[in-house]
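Chain by chain, the residues:
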Amino acid sequence: MSRLKYVMSWASDFVCPGGDCGLTCCSSEWKINLIDSEIEEYKKLPGELGEMVREAVDFENKCLKCNGDKCALLDERGYCKMVYMGSEDLLSYTCSVFPRIEKKYGSFSEILVEILCPVVAKTLIEGTPIEWFEFTDDEGAESDPDDEYENTELLRYVRENVAEVINYKPGQYSAGKCYIVQNIFIKLRELVDTGRLNIDEVNNLLSEYAGIERIESIFNQCEQIDKMYSLKATEISRYLQLNDGEYVDLILKETYKEFTEIEGILHKWRDNPSLLTEVIDSYYGYIKKTYPLFAERYLSYLIVVGWINEKGVKFGERFLLRNVEKMLIDLCAMALFSQAGEVDERDMSVIVASIDRVMGRADSDAIEKLHKVLFSDIAPNDLVMKQMLLYVV
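These numbers were taken from a predicted model, which means no experiment stands behind them. (Residues numbered from 1 in each chain as written. Predicted model: local features only at pLDDT ≥ 70, side-chain atom pairs only at ≥ 80, totals over all residues. Heavy atoms only, no water.)

(A) A look at the packing of aromatic side chains. Counted according to the given criterion, the structure contains seven aromatic pairs. For the ring pair Tyr6 and Phe108, a centre distance of 5.7 Å and an interplane angle of 80° mean the geometry is edge-to-face. Taken together, the positions of Tyr6 in strand S1 (residues 3–8) and Phe108 in strand S7 (residues 108–113) put the pair 102 residues apart, joining distant regions of the chain. Taken individually, Tyr6 and Phe108 each receive the classification buried, so the pair is uniform in this respect. Ring centres of Trp10 and Tyr301 lie 6.3 Å apart, and the angle between their planes is 10°; on these two criteria the pair is classed as stacked. Within this pair, whereas Trp10 is found in helix H1 (residues 9–13), its partner Tyr301 is found in helix H15 (residues 294–306), the two being separated by 291 residues in sequence. (Phe/Tyr/Trp six-rings, centres within 6.5 Å; stacked < 30°, edge-to-face > 60°. Helix = DSSP H or I, 4+ residues; strand = E, 2+ residues; numbered from the N terminus. Buried < 20%, exposed > 50% of the residue type's maximum accessible area, 1.4 Å probe, protein only.)

(B) Summary view of the sheet that holds S1. In spatial order, the strands read S6-S7-S1-S8; together these four strands make up an open sheet with mixed pairing. Of all strands in the sheet, those with a lone pairing partner are strand S6 (100–105) and strand S8 (132–137), marking the two edges. Averaged over all pairs of adjacent strands, the angle between strand axes in this sheet comes to 25°, irrespective of strand direction. Here S6 pairs with S7 via six bridges, running antiparallel. Bridge pairing links Tyr105 to Phe108 in S7. Running at roughly 45° to S7, helix H7 (residues 152–166) makes contact with S1, S6, S7 and S8 of the sheet. (Pairing = 2+ DSSP bridges. Axes fitted to C-alpha atoms, helices over the stretch in contact; angles between N-to-C directions. Contact = heavy atoms within 4.5 Å.)

Structure below.
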């Protein structure tokens, strides 16, 4: 049965840089699983190539082995030996599709790409807009009968309308765009929870943000709030202090082996928010000039990965935590900025990808605990304000 597929433009444009990658995925971070047909193919490979590949395969656990913290097939330059000694056709399914992911919703699918890869993160930082390409896969799987996906078309409709707001006057009003996205999400979440998600309720919700005059009024109010650097610093410092800095230490332990100077800087900001206020003031102007579309492209990515890719009661489960992720990205970038007066594109891409990996790997209990500490017992309007303040820019 045919399946309609929507392909995110970032996914169709992706090309792996191999040894030039700033944060390789060919590491012990992940288990590179193999399917039976791949294992059988590797068993039959002839000559030196076959011997090398078989030496790298863990046949018992059906995965590739690692040498230290790297895949056993990765050479010292960071290139896959199986590719340059053989061909890309030999790559496992896992290696050939990463960082793409297909999400299936009943009669259609979306093919996305994730920013845990620095190449994708670079696409975001550069401000490349997200577009969708549509095609029909005649060999696709049959439609998923799960009725928990019955509202996906309606949620796509909301997402398309929100994307128009985000893309209005590119490079401007990132705070206002964040405010509107957060408001719509929270109200959409309420509609889902109360079983009132229907076209009439959705159109009523969207009408609150219809018209240029209304949108620009919100944008202008939010611009004033966005410049309250001391409030931003206080809110961020509160995060840094959670559980005696436990969450900050987790980020540092898991992520920044090559950015060791960040640890001391974050600890200073945790203890003295006034120091953070000064850095936010200068960083804000720098990042707006150097990466003017970064904030709104992150919002665009947020609504792509956070709106309809979870079933029923899990709808948007990690949406709010994506904002914590953005705050952590800003924090680490600011730490580098405070040392060097700049954050080059490579380092910014590695920061984005690293933080996304950390948040993706985080223990679910720790994530739930963090969510409760940051966001429990907060009225919706206050919650939106908190999200805005966590966004440094």
